Amino acid sequence: MSDATSESNNTTPAASASTQRQRAAQLAQALRQELHKAIIGQQDVVDGVLTALIAGGHVLVEGVPGLGKTLLVRALARCFGGEFSRIQFTPDLMPSDITGHAIYDLASEQFKLRKGPVFTNLLLADEINRAPAKTQAALLEVMQERQVTLEGRALAAPQPFLVMATQNPIEQEGTYPLPEAELDRFMLMLRMDYPQVDEELELVRQVTRSARTDILDVSGLRVLLQAKDVQALQKIASDMPLDEQVLDYAVRLARSTRNWPGLALGAGPRASIALVRCARARALLRGGEFVTPDDVKGSALAVLRHRVRLSPELDIEGISVDQLLQQLLDQVAAPRL
């Protein structure tokens, strides 16, 4: 009896970690199902946003108008019990409109800090490329260091903190391209494409039944997790077992972009880190017990596409970044576990 008890005690930590991972995966999958009540189709984009949430990174969603980019963020905010803020980026938006500023209080005859909308858990930066570079740069510090310096004081942003930015890649008038330093701070860049025929039929059917003009209603979605639950998911994902060969594969993928034919600019070390963090999050999301090379490979396009630059010759030929990266993924050997 004592031997059995002793054996049970010895296996408890591993069994406990496995149970935690299973529960975390169930919660993440329930969140995915809830989001799909409002978002019809767009499976890769929904999974990408959940991956960024679990991996503790920021996400840039690109797509033409009307595909549901803002709806996705609103749906996630509805399912998440934390604080949510939205900033509509415009050409006249000032940095202080994002971070906050000091105001003089006549009653106390002192300056008081008024915090901006960036002090939240989930921040939607809508049409981020409509604001000039100095306003976009107001997000740099908080995205990297999770703090904002106001009047010489470093104020911590609430945890967890996630920036979801949207941009329209087609429209050029009145837009300002995001600088490389800011693009690099987004863990993932997701492309939202037109829906499939059956998805668009279902979308039109649901929207035209609704009293709300041309958008799907998110008010019926359930609140499934609070801020502490997101932090718990992030902790469990960061402890997901990762073989040294898989780690090496992620680093080799990022490093390959630096001397790959046709790429004028390769990805930096942030890409290697993002590949590993996203792979762990994807493994948790699918209910896995450890990270596989496919988890790394499945994250690679979204992690790398905004961190590399095509050479001018290939750009002229009309070859896309995704096409070149797919060639790289096909040719860099993955380990067999």
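Just so it is clear, the structure is predicted and the values come from calculations on it, not from any experiment.

Asker: So what exactly am I meant to see when it comes to the sheet that holds strand β2 (residues 84-88) here?
Answerer: Strands pair in a sheet through their backbones, by hydrogen bonds, and they do so in one of two ways: parallel or antiparallel. Spatially, the five strands line up as an open sheet ordered β2-β5-β8-β1-β9, and their pairing is parallel. Each edge of the sheet is formed by a strand with only one pairing partner; in this case those strands are β2 and β9 (188-191). Adjacent strand axes in the sheet meet at a mean angle of 20°, parallel and antiparallel pairs treated alike. Both β2 and strand β5 (residues 122-126) contribute to a ladder of five bridges, which runs parallel. In the sheet register, Ser-85 faces β5, and the bridge partner there is Leu-123.

Asker: Explanation requested: the packing of aromatic side chains in the structure shown.
Answerer: The description of two aromatic rings rests on the distance between their centres and on the angle between their planes. All chains considered together, the criterion is met by zero aromatic pairs. Positioned above the aromatic ring of Phe-119, the side-chain terminus of Lys-115 is 5.0 Å from the ring centre.

Asker: What should I look at first to understand a nonpolar patch on the surface in this one?
Answerer: Residues Tyr-104, Leu-106 and Phe-111 make up a contiguous nonpolar surface patch of about 400 Å² in total accessible area. Turning to its location among the elements, Leu-106 is positioned in the loop between β3 (100-105) and β4 (110-115).

Asker: What is the right way to look at the nonpolar core in this model?
Answerer: Looking at soluble globular proteins, one finds that nonpolar side chains tend to be buried together. Residues Leu-76, Leu-188 and Leu-253 are the most contacted members of the largest nonpolar core, which totals 75 residues. Considering each element in turn, this core owes the most residues, ten residues, to helix α11 (residues 269-285). Aside from chain neighbours lying at most four places away, what touches Leu-76 is Leu-31, Leu-35, Val-49, Leu-53, Leu-122, Leu-162 and Met-164.

Asker: Is there a simple way to think about helix α14 (residues 321-331) in this case?
Answerer: Working note: α-helix, 3.6 residues per turn, so residues spaced by three or four point in the same direction. Along α14, the residues classified as buried are Val-321, Asp-322, Leu-324, Leu-325, Leu-328 and Leu-329. Projection of α14 onto a plane perpendicular to its axis shows the buried side chains occupying an angular sector of 160°, all on one side. Exposed and facing more than 90 degrees away from the buried side of α14 are Asp-330 and Gln-331. Where α14 is buried, its residues touch β9, α10 (244-256), β10 (263-265), α12 (293-304), β11 (309-310) and α13 (312-317).

Asker: Can you help me understand the pairing of strand β8 (residues 162-167) in this one?
Answerer: Residues in a regular strand point their side chains to alternate faces of the sheet. Burial analysis of β8 places six of its six residues in the buried class, the great majority of the element. Across four bridges, the pairing between strand β1 (residues 59-62) and β8 is parallel. What sits directly across from Leu-60, in β8, is Ala-165. Pairing of β5 with β8 involves four bridges; the strand directions are parallel.

Asker: Sorry if this is basic, but what is going on with the packing of α10 against α12 here?
Answerer: How two helices pack is summed up by the angle between their axes together with the distance between the axes. Running from amino to carboxyl end, α10 crosses α12 at an angle of 25°, the nearest separation of the two axes being 9 Å. On the basis of the axis angle, α10 is roughly parallel to α12. As for how α10 packs across α12, the hand of that crossing is right-handed. Every residue of α12 that contacts α10 at Val-246, Tyr-249, Ala-250 and Leu-253 is listed here: Pro-293, Val-296, Lys-297 and Ala-300. Residues of the contact of α10 with α12, tallied by class, amount to seven nonpolar, no polar and one charged.

Asker: Teacher, can you tell me more about unusual backbone geometry here?
Answerer: Trans is the common state for peptide bonds, and a negative phi is the common state for residues other than glycine. Between Gln-159 and the following residue, Pro-160, the backbone shows a cis peptide bond with an omega angle of -5°. Turning to its location among the elements, Pro-160 is positioned in the loop between β7 (153-156) and β8. A positive phi angle, near 50°, is found at Glu-127, a position not held by glycine. Following the sequence through the fold, Glu-127 ends up in the loop between β5 and α5 (133-136). A positive phi angle, near 55°, is found at Arg-146, a position not held by glycine. On the secondary structure map, Arg-146 appears in the loop between α6 (140-145) and β6 (147-150).

Asker: What should I look at first to understand the pattern of salt bridges in this one?
Answerer: Once the charged atoms of two side chains with opposite charge are near each other, the side chains can pair. This structure, assessed with the given rule, holds 17 salt bridges. Across the salt bridge formed by Arg-191 and Glu-62, the nearest N and O atoms sit 2.9 Å from each other. Here the residue Arg-191 occupies a position in strand β9, and Glu-62 occupies one in strand β1, the gap between them amounting to 129 residues. Residue Arg-191 is classed as partly exposed on the basis of its relative accessible area, which comes to 40%.

Asker: Got a minute to help me understand the side chain of Asp-295 in this structure?
Answerer: As for its placement among the helices and strands, Asp-295 is situated in helix α12. In this structure, Asp-295 is in contact with Ala-279, Arg-282, Ala-283, Arg-286 and Phe-290, ignoring residues within four places of it in sequence.

Asker: Even after reading the chapter, I still don't get the confidence of the model for the chain, so can you show me in this structure?
Answerer: Where the model shows low pLDDT, its predicted coordinates should not be examined in detail. Overall, the predicted model of the chain reaches an average pLDDT of 85, with 92% of residues at or above 70. Taken together, the stretch residues 1-10 has pLDDT below 50 and engages in zero contacts with residues farther than four places along the chain or on a different chain.

Asker: Even after reading the chapter, I still don't get empty space enclosed by the protein, so can you show me in this structure?
Answerer: Rolled over the atoms, a probe as big as a water molecule pinpoints where empty space is left. Applying the stated rule across the entire model yields two cavities of 30 Å³ or more. By volume, the largest cavity amounts to about 70 Å³. As for the largest cavity, its lining consists of Leu-53, Leu-76, Phe-80, Asn-121, Leu-122, Pro-160, Phe-161, Leu-162 and Leu-225. Tallied by class, residues from the lining of the largest cavity come to eight nonpolar, one polar and no charged.

Procedures and definitions
Counting of residues starts from 1 at the beginning of each chain's written sequence and follows it residue by residue. Selection of residues for local features in this predicted model requires a pLDDT of at least 70, selection of side-chain atom pairs for listing and counting requires 80 or more, and totals for whole chains, interfaces and linings are taken over all residues. Hydrogen atoms and water are omitted, and side-chain values are computed over all heavy atoms in the structure. Whether two strands pair depends on DSSP finding at least two bridges between them. Numbering of helices and strands runs from the N terminus, with a helix taken as a DSSP run of H or I at least four residues long and a strand as a DSSP run of E at least two residues long. The axes are straight lines fitted to the C-alpha atoms, using for helices just the contacting stretch, and the angles between their N-to-C directions are given from 0 to 180°. A pair of aromatic rings is counted whenever rings of Phe, Tyr or Trp (Trp by its six-membered ring) have centres within 6.5 Å, and the orientation is called stacked for planes under 30 degrees apart, edge-to-face for over 60 and tilted otherwise. Lysine NZ or arginine CZ positioned within 6 Å of the ring centre and within 35 degrees of the ring normal marks a charge as sitting over the ring. Residues with no salt bridge and a relative accessible area higher than 30% make up the patches, which join like charges within 9 Å and nonpolar side chains (Val, Leu, Ile, Met, Phe, Trp, Tyr) within 5 Å. For the accessible areas, the method is Shrake-Rupley and the probe is 1.4 Å, while residue cover comes only from the protein chains on display. By definition, a salt bridge exists where a carboxyl oxygen of Asp or Glu is found within 4 Å of a side-chain nitrogen of Lys or Arg. Working definition of a nonpolar core: buried Ala, Val, Leu, Ile, Met, Phe, Trp, Tyr and Cys residues. They are joined through side-chain atoms within 4.5 Å. Think of it in three bands: residues with accessible area under 20% of the maximum for their type are buried, residues over 50% are exposed, and the middle band is partly exposed, with areas taken using a 1.4 Å probe on protein chains only. Contacts are residue-level and defined by heavy atoms, with any inter-residue pair within 4.5 Å sufficient. Within this analysis, the arc is defined by the directions that extend from the helix axis to the C-beta atoms. Under this scheme an angle from 65 to 115 degrees is roughly perpendicular, one under 35 degrees roughly parallel, and one over 145 degrees roughly antiparallel; angles in between are oblique. Working rule for handedness: look at the near helix, and if it is turned counterclockwise from the far one by less than a right angle, call the crossing left-handed; if clockwise, right-handed. Residues are grouped as follows: Ala, Val, Leu, Ile, Met, Phe, Trp, Tyr, Cys and Pro are nonpolar; Asp, Glu, Lys and Arg are charged; every other residue, Gly included, is polar. Every residue gets a pLDDT, meaning the predictor's confidence in that residue, from 0 to 100. Detection works on a 1 Å grid of protein atoms alone, calling trapped sets that fit a 1.4 Å probe cavities and calling open sets with protein on both sides within 12 Å along at least five of seven lines pockets, with lining residues defined by an atom within 4 Å of a point. Grid points are joined across faces, edges and corners, and a volume is the space filled by probe spheres set on the points.

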